[in-house]
Amino acid sequence: MSQDKKVALITGANRGIGFETAKQLGEKGVTVILGSRKLSDAEAAAAKLKAAGIDAHGVKLDVTSAADIASAAGYIDKTFGKLDILINNAGVGPSGGFAPKNIETPDAELQSIFQTNLFAVLSTTRAFLPLLKKSPAGRIVNLSSILGSLTLQADPNSPIYNFKSFAYDASKSALNAFTVHLAWELKDTPIKVNSAHPGWVKTEMGTDAAPMEIPDGAKTSVELALLGPDGPNGRFIHMGQELPW
């Protein structure tokens, strides 16, 4: 494979926004690696893209599994020798949907959501950073949510003011903090790190009540994955517009 061809890993890519992100990147000539908890799901999703002429590969990657992360990093290192794009797309929502749940949130739910939405992102990024540093222009995209914006959550005039599901919202606020800190840590490298709000999208988590279709939900991730050298770094973006932290 040509070293000029970009290689992207998308976690949680067997369906929804993750799969669509892989599809759109693949259509732009990027080699895409689709991570999923089950290898069979990853390979089935990759096969769909291969049938459309996309250079796609499936890999078993449960982001809460240290063994899976290490194995996937070893596979990408051996097969491609670098990674240009890491999209931390995998995430979980609150149990029982997004009805308000705050002080009564069970400890187990907080721990479970933070494990996937924050700690696993840190572990995954740490493992793939050496491969991203081999890219001439690495890109890291963390899939966040506007619900993690402390500014908007605190504003009574904000459209999300009454959407208070503490475990999920706080996990995305913490993820945004990771974006800021990692962007600072890598500021003297070619790597750019940004948080993406995909929008409220018709996915399993978003439900059919959502106003946005999946192809539109993937656009922000794709845009941030393909940023040029003058693109934003350490920012919170939705469809080209910056959101407040």
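One can find the structure itself at the top, above this paragraph.
What you are looking at is a predicted structure, and each value in this text was computed from that prediction instead of being measured.

With that settled, the discussion passes to unusual backbone geometry. With a phi angle near 50°, M239 is a residue other than glycine that sits in the positive phi range. When you line up the elements, M239 lands in the loop between β7 (236-238) and β8 (241-242). Since its relative accessible area comes to 37%, M239 is described here as partly exposed.

Our next topic: the pairing of strand β4 (residues 85-88). Of the two faces of β4, the one holding I85 and I87 and the one holding L86 and N88 are both buried throughout. Where β4 lies against strand β5 (residues 139-143), four bridges are found, and the strand directions are parallel. If you follow N88 over to β5, its bridge partner there is N142.

The next thing to look at is the pairing of strand β6 (residues 192-196). Within β6, five of the five residues are buried, which leaves the element mostly enclosed by the surrounding structure. Neither face of β6 is open: one carries K192, N194 and A196, the other V193 and S195, and all of them are buried. Two strands pair when backbone bridges link them, and β5 and β6 are joined in this way by five bridges, in the parallel orientation. Looking at β6, one finds that L143 is bridged to A196. Pairing between β6 and β7: two bridges, direction parallel. Across the sheet, the residue bridging to A196 is I237, located in β7.

Attention shifts here to the nonpolar core. Within the largest apolar cluster, 31 residues are counted, with the highest numbers of intra-cluster contacts made by L9, I76, L83, F128 and I140. Looking at this core, the elements that each hand over two or more residues are β1 (7-10), α3 (66-80), α4 (107-132) and α6 (166-185). A per-element tally of this core places α4 first, with eight residues. Residues I85, A196, V222 and L224 belong to the second largest nonpolar core, which totals 24 residues.

Right, let's talk about the sheet that holds β4 for a bit. Strand order in the open sheet formed by eight strands is β3-β2-β1-β4-β5-β6-β7-β8, with mixed pairing between adjacent strands. Edge positions in the open sheet fall to β3 (56-60) and β8, since each of these has one partner strand only. Its contacts with the sheet put α6 on β5, β6 and β7, and the angle it makes with β6 is roughly 165°.

This brings us to the packing of aromatic side chains. In total, this model carries three aromatic pairs according to the counting rule given. Here the aromatic rings of Y75 and F80 are separated by 6.2 Å at their centres, their planes lie at 90°, and the arrangement is edge-to-face. Classification of Y75 by relative accessible area gives partly exposed; the value is 28%. Exposure remark for F80: the relative accessible area of 8% places this residue in the buried category.

With that settled, consider the packing of α3 against α4. Contact geometry of α3 with α4 gives a least axis separation of 10 Å together with a crossing angle of 20°. Of the possible angle classes, the one that applies to α3 and α4 is roughly parallel. With respect to the hand of their crossing, α3 and α4 are arranged in right-handed fashion. Contact residues: I69, A72, A73, I76 and D77 in α3; S123, T124, A127, F128 and L131 in α4. By residue class, the composition of the contact of α3 with α4 is seven nonpolar, two polar and one charged.

With that settled, the discussion passes to the side chain of H197. Of note, H197 is situated in the loop between β6 and α7 (214-217). Taking the relative accessible area as the measure of exposure, H197 reaches 9% and is therefore buried. Within the local environment of H197, its side chain forms a polar contact with the backbone nitrogen of I146, the two atoms lying 3.1 Å apart.

Relative to the assigned elements, L186 resides in the loop between α6 and β6. Of the residues examined, L186 reaches a relative accessible area of 3% and is grouped as buried. For the pair L186 and N233, spaced 47 residues apart in sequence, the C-alpha to C-alpha distance is 9.8 Å. Apart from the residues within four sequence positions on either side, L186 is in contact with L129, K133, I140, I191 and V193.

Calculation notes
- Each chain has its residues counted from 1, running along the sequence as written.
- Where local features are concerned, this predicted model is filtered to residues with pLDDT of at least 70; where side-chain atom pairs are given and counted, the filter is 80 or more; whole-chain, interface and lining totals use all residues.
- Hydrogens are left out, water is left out, and the side-chain values use all remaining heavy atoms of the structure.
- Put simply, DSSP H or I for four residues or longer makes a helix, DSSP E for two residues or longer makes a strand, and each gets a number counted from the N terminus.
- Think of it in three bands: with a 1.4 Å probe and only protein chains considered, a residue is buried below 20% of the maximum accessible area for its type, exposed above 50%, and partly exposed in between.
- Whether two strands pair depends on DSSP finding at least two bridges between them.
- Here, the term nonpolar core denotes a set of buried Ala, Val, Leu, Ile, Met, Phe, Trp, Tyr and Cys residues that are joined through side-chain atoms within 4.5 Å.
- The contact rule is simple, with two residues in contact once any of their heavy atoms fall within 4.5 Å.
- Here, axes are lines fitted to C-alpha atoms. For helices the fit covers the stretch in contact, and angles between N-to-C directions go from 0 to 180 degrees.
- Any two of the Phe, Tyr and Trp rings considered here, Trp counted by its six-membered ring, make a pair once their centres fall within 6.5 Å; the pair's planes then place it as stacked at under 30 degrees, edge-to-face at over 60, or tilted in between.
- Any angle that falls under 35 degrees is termed roughly parallel, while one over 145 is termed roughly antiparallel, one within 65 to 115 roughly perpendicular, and all others oblique.
- In this scheme, a crossing is called left-handed if the near helix is turned counterclockwise away from the far one by less than a right angle; it is called right-handed if the turn is clockwise.
- Each residue receives one of three labels: charged for Asp, Glu, Lys and Arg, nonpolar for Ala, Val, Leu, Ile, Met, Phe, Trp, Tyr, Cys and Pro, and polar for the others, Gly being one of them.
- Between N or O atoms, a polar contact is any pair within 3.5 Å; within protein, one atom must be a potential hydrogen donor and the other a potential acceptor, and residues adjacent in sequence are included only when both atoms are from side chains.

None of this, on its own, says anything about what the molecule does.
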